[in-house]
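The chain contents come next:
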Amino acid sequence: MRTQVCIIGGGPSGLLLSQLLDRAGIASVVLERQSRDYVLGRIRAGVLEYGTVGMLEQAGVAERAHAEGLPHSGTYLAVQNKGFRIDFDALIGKKVMVYGQTEVTRDLYAARAAAGGTVIHGVEGTQPRDLDTAAPYVTYTLGGTEHRIDCDFVAGCDGFHGPSRQAIPKNVLTEYERVYPFGWLGVLSETPPVSHELIYANHPRGFALASMRNANLSRYYIQAPVDDSLGKWTDQAFWDELRRRLPHDAADALITGPAIEKSIAPLRSYVADPMRWGRLFLVGDAAHIVPPTGAKGLNLAVSDVHYLFEALKQHYNEHDDSGLDGYSQTALARVWNAIRFSWWFTTTMHRFPDQTPFDQAIQDAELRYLEGSTTAQRGLAENYVGLPY
Ligand code: FAS
Ligand code: PHB
């Protein structure tokens, strides 16, 4: 088989890139290791930057998001059970949209199917090859049969554990990493959200987040040891701990119910540089990971797609490779802005096991400054709603 762009990974970045390329008349094939249902069964991001909504519109897949998504013009922060609001609209004149990554991916799968796009599920042993030549190709097996796709470019949209980043020689790649000494215990429940907007809570017992997916589907998180066993956290234990950490009015209003999904996710910051090697371009989690505190993971994947899509269009339509040659530098500039914001927000809102009284005093001062300064709040707001592409 031959195509113009071979995309490894059928998550949000791979599917969005394929959809955009298709609408620009550029052929692609998506190779996905898991089944469609497995991909859709993953519970992940919940907040879309306004730039991400714009990209979904450009891809022709934003209709359901606009119909069912929840525009949010602000968020609450809470310190020791006392909340205050950051008003995105008043500070920045922009909103975010609460619409789950699962639904974004569902809409993208539907659009690829409607367009007759090629998404091959269940592939194994995917391997990009001859990336440092003008004739790269990708091999994989399907049902025990070896296949090969010849292409012009390979987009590594295969997440943190995929083969694309591994294909870059170790002496070419610089990796930056910070692992946080805690995880997030997340619960999904078919209950009305406790608040009409998100609540990020800093509490001596640890961080908590009240989020949502729709009017009857709530998403809650509490900071927990990353090696905690899920068995330890009965639903009741989770709800009791969440109540202790939320603002008092929210804790009193909390409607609980059975957890329909419960998981512990580790938190890390990670960046791989460069995001390009020869005809391979890394996109999304294949190149970078952020702690979910700043709601940046999915949104960063989308801005990478934006830069790569524009560069590929420029290559095919104008025979100009300046976008491709500048992709890694351009994408990494935005990545590092998001890495910084996510690190700052995580450091400000969580309790670290080894933090000294000085560290705690600094965190308290940071939060008091944030509560009392519209300038500080404007900084948080412009990063949270998404910096321009
Ligand atoms: P993805 O990992 O989504 O997709 C990569 C795809 O490649 C997967 O479908 C995988 O099956 C496939 N693949 C891997 N290896 C392959 C191979 N060898 N061959 C073929 N296919 C292969 N972000 C937020 O913004 N907010 C959040 O709250 C949030 N919560 C998260 C919670 C968890 C538990 C995790 C793991 C991530 C969370 N994220 C969150 C980040 C997450 O949403 C990612 O940023 C987003 O999925 C990135 O999209 P992709 O880059 O497409 O990678
Ligand atoms: C979520 O709804 O899953 C969510 C929202 C905001 C975050 C992280 C996760 O910062």
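This text goes with the structure placed above it.
Report follows, based on the coordinates.

### Overview of the overall build of the protein
Line of reasoning, step 1. The number of helices and strands found in the protein is twelve helices and 20 strands.
Line of reasoning, step 2. Taken over C-alpha atoms, the radius of gyration comes to 21 Å for the protein, in line with the 21 Å a tight globule of 389 residues would show.
Line of reasoning, step 3. Oriented by its inertia axes, the alpha-carbon framework of the protein measures out at about 60 × 40 × 40 Å.
Line of reasoning, step 4. For the protein, the proportion of its 389 residues judged to be buried stands at 55%.
Line of reasoning, step 5. Partitioning the intrachain contacts of the protein with sequence separation of at least 6 by distance along the chain shows that 71% fall at a separation of at least 24.
Line of reasoning, step 6. A total of about 15800 Å² of accessible surface is found on the protein, and carbon and sulfur atoms cover 51% of it.
Line of reasoning, step 7. Each charge sign in the protein was given a centre, from 36 positive and 44 negative side chains, and these centres are 2 Å apart.

### Description of the pattern of salt bridges
Close approach of charged atoms allows side chains with opposite charge to pair.
Line of reasoning, step 1. All told, the structure shown has 24 salt bridges when counted by the stated rule.
Line of reasoning, step 2. Of the charged contacts in the structure, one is a salt bridge between Arg-165 and Glu-175, with a shortest N-O distance of 4.0 Å. Note that Arg-165 is positioned in the loop between strand 12 (153-156) and strand 13 (174-189) and Glu-175 in strand 13, a separation of ten residues in sequence.
Line of reasoning, step 3. Classification of Arg-165 as buried rests on a relative accessible area of 6%.
Line of reasoning, step 4. You can call Glu-175 partly exposed: its relative accessible area is 43%.
Line of reasoning, step 5. Among the salt bridges present, the one from Arg-219 reaches Glu-261, with a minimum N-O distance of 2.8 Å. Pair noted here: Arg-219 is in strand 16 (residues 217-224) and Glu-261 is in strand 17 (residues 259-273), with a separation of 42 residues, a long-range link.

### Description of the site of ligand 2
Line of reasoning, step 1. As a matter of local geometry, ligand 2 sits amid 14 residues, with Tyr-200, Ser-211, Arg-213, Tyr-221 and Pro-292 nearest to it.
Line of reasoning, step 2. In this structure, an oxygen atom belonging to ligand 2 sits 3.4 Å away from a main-chain N or O atom of Ala-295.
Line of reasoning, step 3. When ligand 2 sits alone it has 280 Å² of accessible area, and the protein chains cover 97% of it.
Line of reasoning, step 4. At the level of elements, strand 15 (208-214) and strand 16 are the ones that each hand at least two residues to the shell around ligand 2.
Line of reasoning, step 5. Grouping the constituent residues of the shell around ligand 2 by class yields eight nonpolar, three polar and three charged.

### Considering helix 6 (residues 101-114)
Line of reasoning, step 1. Given a rise of 1.5 Å per residue, 14 residues ought to cover 20 Å, and the 20 Å separating the end C-alpha atoms of helix 6 matches this to within 8%.
Line of reasoning, step 2. Those residues of helix 6 lying buried are Gln-101, Thr-102, Val-104, Thr-105, Asp-107, Leu-108, Tyr-109, Ala-111 and Arg-112.

### Considerations on the site of ligand 1
Line of reasoning, step 1. The environment of ligand 1 is made up of 30 residues, and the closest members are Ser-13, Glu-32, Arg-42, Gln-101 and Asp-285.
Line of reasoning, step 2. The contact in question runs from an oxygen atom of ligand 1 to an N or O atom on the backbone of Leu-298, over 3.2 Å.
Line of reasoning, step 3. Taken by itself ligand 1 offers 990 Å² of open surface, and the protein chains cover 86% of this.
Line of reasoning, step 4. If you list the elements that add at least two residues to the shell around ligand 1, you get helix 1 (12-23), strand 2 (28-32) and helix 9 (297-318).
Line of reasoning, step 5. No other element matches helix 9, which puts three residues into the shell around ligand 1.
Line of reasoning, step 6. Considered class by class, the residues forming the shell around ligand 1 number 13 nonpolar, ten polar and seven charged.

### Quick look at the pairing of strand 16
Line of reasoning, step 1. Counting buried positions along strand 16 yields eight of eight residues, so the element is predominantly enclosed.
Line of reasoning, step 2. The two faces of strand 16 match: Leu-217, Arg-219, Tyr-221 and Gln-223 on one face and Ser-218, Tyr-220, Ile-222 and Ala-224 on the other face are all buried.
Line of reasoning, step 3. In this antiparallel pair of consecutive strands, strand 15 and strand 16, the connection spans two residues.

### Comments concerning helix 9
Line of reasoning, step 1. The terminal C-alpha atoms of helix 9, which comprises 22 residues, lie 31 Å apart, in line with the 32 Å expected from a rise of 1.5 Å per residue.
Line of reasoning, step 2. A large share of helix 9 lies buried, amounting to 17 of its 22 residues.
Line of reasoning, step 3. Immediately beyond the C-terminal end of helix 9, within one or two residues, lies His-319, with a positive phi of roughly 50 degrees.

### Digging into the side chain of Ser-28
Line of reasoning, step 1. Here Ser-28 shows up in strand 2.
Line of reasoning, step 2. Within the local environment of Ser-28, its side chain forms a polar contact with the side chain of Ser-18, the two groups lying 2.8 Å apart.
Line of reasoning, step 3. Excluding its chain neighbours within four sequence positions, the residues that come into contact with Ser-28 are Thr-3, Val-5, Ile-7, Ser-18, Leu-21 and Thr-118.

### Some remarks on the sheet that holds strand 9 (residues 124-129)
Across a sheet, strands are paired by hydrogen bonds formed along the backbone, either parallel or antiparallel in direction.
Line of reasoning, step 1. Spatially, 9-10-11 is the arrangement adopted by the three strands of the open sheet, whose pairing is antiparallel. The outermost strands of the open sheet, each flanked by one partner alone, are strand 9 and strand 11 (145-150). On average, each strand axis in the sheet is tilted by 15 degrees relative to the strand beside it, whichever way the strands run.
Line of reasoning, step 2. By the bridge criterion, four bridges tie strand 9 to strand 10 (residues 137-142) in an arrangement that is antiparallel. Its bridge partner lying in strand 10, Glu-124 is registered against Thr-141.

### Notes on the packing of aromatic side chains
Line of reasoning, step 1. Applying the stated criterion across every chain, the model contains 19 aromatic pairs.
Line of reasoning, step 2. Here Tyr-176 and Trp-336 contribute two aromatic rings whose centre-to-centre distance is 5.1 Å and whose plane-to-plane angle is 85 degrees, an arrangement assigned as edge-to-face. With Tyr-176 in strand 13 and Trp-336 in helix 10 (residues 322-349), the pair connects residues that are 160 residues apart, well separated along the chain.
Line of reasoning, step 3. Since its relative accessible area comes to 37%, Tyr-176 is described here as partly exposed.
Line of reasoning, step 4. Geometrically, the ring pair formed by Tyr-200 and Tyr-384 is edge-to-face, given 5.9 Å between the ring centres and 85 degrees between the ring planes. Placement of Tyr-200 in strand 14 (residues 199-202) and of Tyr-384 in helix 12 (residues 374-385) is noted, with a sequence separation of 184 residues between them.

### Here we look at the side chain of His-306
Line of reasoning, step 1. The topology assignment puts His-306 in helix 9.
Line of reasoning, step 2. The class of His-306 is buried, set by a relative accessible area of 18%.
Line of reasoning, step 3. Contacts of His-306, omitting those with residues within four sequence positions, involve Met-55 and Tyr-389.

Cut-offs applied
Every residue gets a number counted from 1 within its own chain, in the order that chain's sequence is written. The lettering of chains begins at A and the numbering of ligands begins at 1, in the order of writing. Totals for whole chains, interfaces and linings use every residue, but because this is a predicted model, local features are given only for residues with pLDDT of at least 70 and side-chain atom pairs only at 80 or more, for both listing and counting. With hydrogens and water set aside, each side-chain value is computed from the structure's full complement of heavy atoms. In this text, helices come from DSSP runs of H or I with a minimum length of four residues, and strands from runs of E with a minimum of two, each type numbered from the N-terminal end. Restricting the calculation to C-alpha atoms gives the radius of gyration, and the globule rule supplies 2.2 Å times the number of residues raised to the power 0.38. Think of it in three bands: with a 1.4 Å probe and only protein chains considered, a residue is buried below 20% of the maximum accessible area for its type, exposed above 50%, and partly exposed in between. Contacts are residue-level and defined by heavy atoms, with any inter-residue pair within 4.5 Å sufficient. Note on areas: these come from Shrake-Rupley sampling with a 1.4 Å probe, and a residue is covered only by the protein chains present in the view. In this count, Lys and Arg are taken as positive residues and Asp and Glu as negative ones, while His and the chain termini are left out. Lysine's charge is taken at NZ, arginine's at CZ, aspartate's at CG and glutamate's at CD. Salt bridges, as used here, are contacts in which a Lys or Arg side-chain nitrogen is within 4 Å of a carboxyl oxygen on Asp or Glu. We call a residue near a molecule or strand when any one of its heavy atoms sits within 4 Å of it. Under the rule applied, a polar contact is a pair of N or O atoms within 3.5 Å (in protein, one hydrogen donor and one hydrogen acceptor; residues adjacent in sequence only if both atoms are side-chain atoms). In this classification, the charged set is Asp, Glu, Lys and Arg, the nonpolar set is Ala, Val, Leu, Ile, Met, Phe, Trp, Tyr, Cys and Pro, and all remaining amino acids, among them Gly, are polar. To estimate how far a helix should reach, multiply one less than its number of residues by 1.5 Å. Here, any two strands with at least 2 DSSP bridges between them count as paired. Under this scheme, a helix contributes an axis fitted over its contacting stretch, all axes are lines through C-alpha atoms, and angles between N-to-C directions fall in the 0 to 180 degree range. Under the pairing criterion, centres of Phe, Tyr and Trp rings, with the six-membered ring standing for Trp, must be within 6.5 Å; the plane angle then separates stacked pairs below 30 degrees from edge-to-face pairs above 60, leaving the rest tilted.

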